[in-house]
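The chain contents come next:
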Amino acid sequence: DSGVTQTPKHLITATGQRVTLRCSPRSGDLSVYWYQQSLDQGLQFLIQYYNGEERAKGNILERFSAQQFPDLHSELNLSSLELGDSALYFCASSPPGSRWTDTQYFGPGTRLTVL
Amino acid sequence: GNSVTQMEGPVTLSEEAFLTINCTYTATGYPSLFWYVQYPGEGLQLLLKATKADDKGSNKGFEATYRKETTSFHLEKGSVQVSDSAVYFCALSGESGSEKLVFGKGTKLTVNP
């Protein structure tokens with residue numbers, strides 16, 4: 001158990017819908033990262049928040065957005081869903097200070113299926 | 001940008017066999033290198049890491065050495081077990097000081113008894 005929690009575990013929805021994925025980092029961690037794992041694209045970095053502020057952005061679609069709240073949990077919002085958005089979405093967190101030498105601890109993921 | 005190339009497999013071995021999974025990278029600067037493992041139905045777990053050239057990471061019998069001259073970080077284990085069956089990902093971070101992880105495509109390992 002990494003200490004990072006993600007809900008829900010599974011999500012099934014229809015094209016055009018909007019969903020929210022939730023992540024709680026390990027106690028004391030300030031950084032939250034979101035990654036998408038799909039069969040064709042592999043594991044791709046989406047976005048990073050540090051202590052409530054966006055720190056880095058990766059291959060995140062405009063239909064997707066995220067935020068980190070004062071209690072440090074984060075939410076990833078996916079809207080106007082398409083079939084191709086079906087994937088595993090992972091959240092990770094890392095210790096305060098967040099340097100690129102630090103280990104990122106991953107949650108169990110949310111499996112999104114768009115029908 | 002930075003990138004990671006690893007042998008895609010799948011790799012099938014018998015118990016107690018020697019394992020090598022090759023990983024090479026392209027990066028500017030001095031990235032940190034990681035091996036993560038994903039067991040069926042689970043998230044990614046850090047297996048080992050190295051943060052500077054010639055560092056050796058090791059854990060649970062697995063080892064990898066950060067070789068800057070060959071831009072490689074190959075994963076090895078002398079004697080695999082059935083419980084090592086999983087998908088292994090090589091990754092790097094540090095592009096322009098960024099903490100984001102750049103992953104290889106993963107190598108699926110199956111160990112048969």
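Residues numbered from 1 in each chain as written. Chains lettered and ligands numbered in written order. Predicted model: local features only at pLDDT ≥ 70, side-chain atom pairs only at ≥ 80, totals over all residues. Heavy atoms only, no water.

Undergrad: Can you walk me through the packing of aromatic side chains in this structure?
TA: Two measures describe an aromatic ring pair: the distance that separates the ring centres and the angle between the ring planes. Residues and elements named next belong to chain A. This model, assessed by the stated rule, comprises twelve aromatic pairs over all chains. Ring plane angle 65° and centroid distance 5.7 Å describe the contact between Tyr 35 and Phe 45, whose orientation is recorded as edge-to-face. In this pair, Tyr 35 is assigned in strand E4 (residues 31-38) and Phe 45 in strand E5 (residues 42-50), connecting sequence segments ten residues apart. As far as burial versus exposure is concerned, Tyr 35 and Phe 45 are alike and both buried. Measuring from centroid to centroid gives 6.3 Å for Phe 90 and Phe 106, while their planes differ by 80°, and the two rings are edge-to-face. Of this pair, Phe 90 sits in strand E9 (residues 87-94) while Phe 106 is found in strand E10 (residues 105-106), placing the two residues 16 residues apart along the sequence. Above the plane of the ring of Tyr 105 lies Arg 26, whose end atom (NZ or CZ) is 3.8 Å from the centre. (Phe/Tyr/Trp six-rings, centres within 6.5 Å; stacked < 30°, edge-to-face > 60°. Helix = DSSP H or I, 4+ residues; strand = E, 2+ residues; numbered from the N terminus. Buried < 20%, exposed > 50% of the residue type's maximum accessible area, 1.4 Å probe, protein only. Lys NZ or Arg CZ within 6 Å of the ring centre and 35° of its normal.)

Undergrad: How should the layout of surface pockets be read in this particular structure?
TA: Empty pockets left among the atoms are what a rolling probe the size of a water molecule brings to light. Considered as a void within the structure, the largest pocket measures approximately 640 Å³ in volume. As for the largest pocket, its lining consists of 27 residues, and the residues nearest its centre are Gln37(A), Leu39(A), Leu88(A), Arg111(A) and Gln38(B). Where the lining of the largest pocket is concerned, the elements lending two or more residues are E4, E5 and E9 of chain A together with strand E10 (86-93) and strand E12 (107-112) of chain B. Its residues assigned to classes, the lining of the largest pocket comprises nine nonpolar, eleven polar and seven charged. (1 Å grid on protein atoms, 1.4 Å probe; cavity = no way out; pocket = protein on both sides within 12 Å on 5 of 7 lines; lining within 4 Å. Points joined across faces, edges and corners; volume = space filled by probe spheres on them. Nonpolar A, V, L, I, M, F, W, Y, C, P; charged D, E, K, R; others polar.)

Undergrad: Please clarify how unusual backbone geometry should be interpreted in this entry.
TA: Trans is the common state for peptide bonds, and a negative phi is the common state for residues other than glycine. Going from Thr7(A) to Pro8(A), the amide bond is cis rather than trans, its omega being -10°. Looking at where Pro8(A) falls in the secondary structure, it is placed in the loop between strand E1 (5-7) and strand E2 (10-13). Cis peptide bonds are those with omega within 30 degrees of zero, and the linkage from Gly9(B) to Pro10(B) qualifies with 5°. Although it is not a glycine, Ser80(A) adopts a positive phi angle of roughly 45°. Along the polypeptide, Ser80(A) turns up in the loop between strand E8 (74-78) and E9. With a phi angle near 40°, Thr71(B) is a residue other than glycine that sits in the positive phi range. Tracing the backbone through its elements, the reader meets Thr71(B) in the loop between strand E8 (62-65) and strand E9 (75-77).

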